[in-house]
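Report on the structure
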Amino acid sequence: MHIKKSLESFTKFDWALWLTSVLVVTISFVVSGSFYWLSLIASLVGVTALIFLAKGNVIGQMLTVLFSILYAMVSFRFRYYGEMITYLGMTLPTASMAVVTWLRHPYSDVEVKVNHLRKWHVLVVAVLTVIVTFLFYFILKYFGTSNLFFSTISITTSFAAASLMILRSPYYAIAYAGNDIVLIILWILASMDDLSFLPMVFCFVMFFANDLYGYYNWNKMKQQQGNNINKMRVF
């Protein structure tokens, strides 16, 4: 892990996107007026993790581990047990697994090697996602989870995204973008009862923007890595 090289690899757009994300989240925190500091800290850690993930940098996975813990604590406060269980029981361990996977498959000091999904990868992820969604629906229902429908859909998108992340596929970003939309809805509903959760709404709005950029950048990385491999074969 090379922090200095990682920061040096950031383009002007990367810095602009990160700074915009930080400003949007911070301003929403001030506007909310309730000053629930944990939601601000979780949001800032989250948007920072995403810019590193968009670059294919393992630091993003390490920050995701920290974000999972913070976000679970925020979710518990509003009885979003689905989110708490998802991030502690799924996102945290899968991010930890992704740290190992990414470190074992580096393309450079600051970039993971992009993987090409096979048909059996897609099939396994699809089947497991259906099974996990079915099981968690009844678990969340048992615990009286708020906004059960959207919480269950969040499980579906989160599991698919986490699986694709471990597989080092650009499609992880599309799955997470879908999850972001679900979470924006969930936290809007929460903010209607308690404005202290407003930063979480804007957090996931910026997550959505970062994930769209992540999908674009990972495809760019995939093409560049493929071109470099072809050049090596020629020579």
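Residues numbered from 1 in each chain as written. Predicted model: local features only at pLDDT ≥ 70, side-chain atom pairs only at ≥ 80, totals over all residues. Heavy atoms only, no water.

**As for helix 7 (residues 148-166)**
Given a rise of 1.5 Å per residue, 19 residues ought to cover 27 Å, and the 27 Å separating the end C-alpha atoms of helix 7 matches this to within 8%. Burial runs high along helix 7: 15 of the 19 residues are buried. Of the residues one or two after helix 7, arginine 168 is the one with positive phi, at around 60 degrees. (Helix = DSSP H or I, 4+ residues; strand = E, 2+ residues; numbered from the N terminus. Expected span 1.5 Å × (residues − 1). Buried < 20%, exposed > 50% of the residue type's maximum accessible area, 1.4 Å probe, protein only.)

**Here's the deal with the nonpolar core**
Residues Phe67, Tyr71, Val74, Trp102, Tyr172, Trp187 and Phe204 are the most contacted members of the largest nonpolar core, which totals 49 residues. At the level of secondary structure, the elements contributing two or more residues to this core comprise helix 2 (12-32), helix 3 (37-54), helix 4 (59-77), helix 5 (81-104), helix 7, helix 8 (172-191) and helix 9 (198-234). The element that contributes the greatest number of residues to this core is helix 8, accounting for 10 residues. Excluding residues within four positions of it along the chain, tryptophan 102 makes contact with Leu53, Gly56, Asn57, Val58, Gln61, Val112, Met165, Arg168 and Trp218. (Core = buried A, V, L, I, M, F, W, Y, C linked by side-chain atoms within 4.5 Å. Contact = heavy atoms within 4.5 Å.)

**Structural notes on the side chain of serine 6**
Among the structural elements, serine 6 can be located in helix 1 (residues 3-8). Within the structure, the side chain of serine 6 is placed 2.8 Å from the side chain of asparagine 57, a separation counted as a polar contact. Beyond its immediate sequence surroundings of up to four residues, serine 6 is in contact with Phe52, Asn57, Ile59 and Val110. (Polar contact = N/O pair within 3.5 Å; in protein donor to acceptor, adjacent residues only side chain to side chain.)

**Quick look at unusual backbone geometry**
Of note in this structure, arginine 168 is not a glycine but carries a positive phi near 60 degrees. Within the secondary structure layout, arginine 168 lies in the loop between helix 7 and helix 8.

**Some words on the pattern of salt bridges**
Under the defined criterion, the tally for this structure stands at two salt bridges. Between lysine 5 and aspartate 109 there is a salt bridge, with its nearest N and O atoms 2.9 Å apart. Separated by 104 residues along the polypeptide, lysine 5 in helix 1 and aspartate 109 in the loop between strand 1 (106-108) and strand 2 (111-112) bring together distant segments of the chain. Two residues, lysine 55 and aspartate 14, come together in a salt bridge whose shortest N-O distance is 2.9 Å. Of the two residues, lysine 55 sits in the loop between helix 3 and helix 4 while aspartate 14 sits in helix 2, which places them 41 residues apart along the sequence. Both residues of the pair, lysine 55 and aspartate 14, belong to the buried class. (Salt bridge = Lys/Arg side-chain N within 4 Å of Asp/Glu carboxyl O.)

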